[in-house]
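Next come the chains, spelled out residue by residue.
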Amino acid sequence: MSKNQLMPTKDVSAFIDKETGEVSVKYRPGHPRSYRFDASRGVFNIRGGDNITKKAEALSFIPIGYRIFRDDILGFGVKNWVEFFFLNNDGHVCDLLFHGYSVEELERCTNDLFYDDVNLSQVVITATPFERTKKSEGNGKGNKYFIASFSYKVLSDEQKEDVRTIGDGLQLYRHDTLTGDCQIDLAVNYSPPIRFINGGGNVVDEDGKDKASANTAAA
């Protein structure tokens, strides 16, 4: 059975020339390939289109960068988010967002990461959708939805170094999730073209011009 090229890769070393250290991936800065978690159906897809998993099927990936933050993005209002960057089997830099209860689940997982002395860019993350029911008023059955639970496996020292090599060499960010006014709790290998991150600043466009100006006073 042929490998699905759109699935996250489990071997980031395949995109590093071990002799020269050169990284060969496909990435337009600020515009990673967008993957989505559909919480209404419990599947992962490409930009809301083709599914890459079945209902409630887990997705595993190696984050080459990430941030945990609070912001008003994509029309959802102010929420807690986690944004992961990873490579798929074709060497495309990809982006995947989670918010709400899924972020709370991830934070529980990070407690174990702390005691294992690793961060989220030093592990294989497995995100598994599981079903919940939102209680309705009266005798209604309630609406079903999915949140993601997380588990991880620590990478070898060599794999950790490969991830560091790739993450260090790329300016990882997603243009349409960058406001200049987010509150970042934690970030690794996240390097947007922005002057100030926590509490206000200016987002710089790809041509060096300001995209938007936020409050200059720190929150």
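Residues numbered from 1 in each chain as written. Predicted model: local features only at pLDDT ≥ 70, side-chain atom pairs only at ≥ 80, totals over all residues. Heavy atoms only, no water.

1. A closer look at the overall build of the protein chain
The test is simple: In DSSP terms, a helix is any run of H or I states spanning at least four residues, a strand is any run of E spanning at least two, and both are numbered starting from the N terminus. Here's how the labels work: a residue is buried when its accessible area is under 20% of the maximum for its type, exposed when over 50%, partly exposed in between, all with a 1.4 Å probe on protein chains only. Should any heavy atoms of two residues lie within 4.5 Å, those residues are counted as being in contact. Note that accessible areas follow from Shrake-Rupley with a 1.4 Å probe, and for residues the cover is restricted to the protein chains shown.
Check the secondary structure of the protein chain and you find 2 helices and 11 strands. Starting at the N terminus and ending at the C terminus, the protein chain contains elements arranged as β-β-β-β-β-β-α-β-β-α-β-β-β. A total of 219 residues make up the protein chain; the buried ones form 44% of that total. Within the protein chain, contacts between residues separated by at least 24 positions form 55% of all contacts whose residues are at least 6 apart in sequence. For the protein chain, the accessible surface area stands at approximately 11,900 Å², while carbon and sulfur atoms represent 46% of it.

2. Some details on the pairing of strand β2 (residues 43-46)
Put simply, the test is: Note: two strands are recorded as paired if DSSP finds a minimum of 2 bridges between them.
Judged by which residues are buried, β2 turns out to be covered on both faces: V43 and N45 on one side and F44 and I46 on the other are all buried. Pairing between strand β1 (residues 33-38) and β2: 4 bridges, direction antiparallel. Across the sheet, R36 pairs through a bridge with N45, a residue of β2. The hairpin formed by β1 and β2 contains 4 residues between the paired strands, and G42 there has a positive phi angle of roughly 70°.

3. Structural notes on the sheet that holds strand β3 (residues 59-61)
Under the convention used in this document: Helix axes are fitted only over the stretch in contact, all axes being lines through C-alpha atoms; the angle between N-to-C directions runs from 0 to 180 degrees.
Strand order in the open sheet made by the 3 strands is β3-β7-β8, with antiparallel pairing throughout. The open sheet has two edge strands, β3 and β8 (143-154), and neither has a second partner. Geometrically, the sheet is characterised by an average inter-axis angle of 25° between neighbouring strands, direction not taken into account. When strand β7 (residues 123-134) meets β8, the two strands line up antiparallel, connected through 12 bridges. Note on β8: the bridge partner recorded for T126 is S151.

4. With respect to the confidence of the model for the protein chain
To be explicit about the condition: Across the chain, each position has a pLDDT score giving the predictor's confidence in that residue, from 0 to 100.
A residue-level look at the protein chain finds 84% of positions with pLDDT of 70 or above and a mean pLDDT of 85. The element-level mean pLDDT for the protein chain is lowest in strand β11 (residues 210-213), coming to 42, with β3 highest at 97. This stretch, residues 196-219, has a pLDDT under 50; its non-local contacts, to residues over four places away or in other chains, come to 59 contacts.

5. Notes on the environment of G180
As for its position among the elements, G180 is in the loop between α2 (157-168) and β9 (183-188). G180 sits in the buried class, given a relative accessible area of 1%. Expressed as a C-alpha distance, the spacing of G180 and P193, which sit 13 residues apart in the sequence, is 9.6 Å.

6. Some words on the sheet that holds strand β6 (residues 93-99)
Within the open sheet, the 6 strands sit side by side as β2-β1-β6-β5-β4-β9. Their pairing is mixed. With one partner strand each, in any of the chains shown, β2 and β9 form the two edges of the open sheet. The average angle at which neighbouring strand axes cross in this sheet is 20°, direction not considered. Relative to strand β5 (residues 78-87), strand β4 (residues 65-72) runs antiparallel, the two being bridged by 8 bridges.

7. Observations concerning the nonpolar core
Generally speaking, nonpolar side chains in soluble globular proteins are found buried as a group. Convention followed: To form a nonpolar core, buried Ala, Val, Leu, Ile, Met, Phe, Trp, Tyr and Cys residues must be joined to one another through side-chain atoms within 4.5 Å.
Core analysis: the biggest nonpolar cluster contains 28 residues, and F44, F84, L96, F98, L120 and F150 have the highest contact counts within it. At 4 residues, the largest contribution of residues to this core is made by helix α1 (residues 101-115). Residues contacting F84, with those up to four places away along its chain left out, are F61, P63, G65, Y66, C94, D95, L96, F98, L106, L120 and F150. In this structure, W81, L87, L170 and Y190 belong to the second largest nonpolar core, which totals 24 residues.

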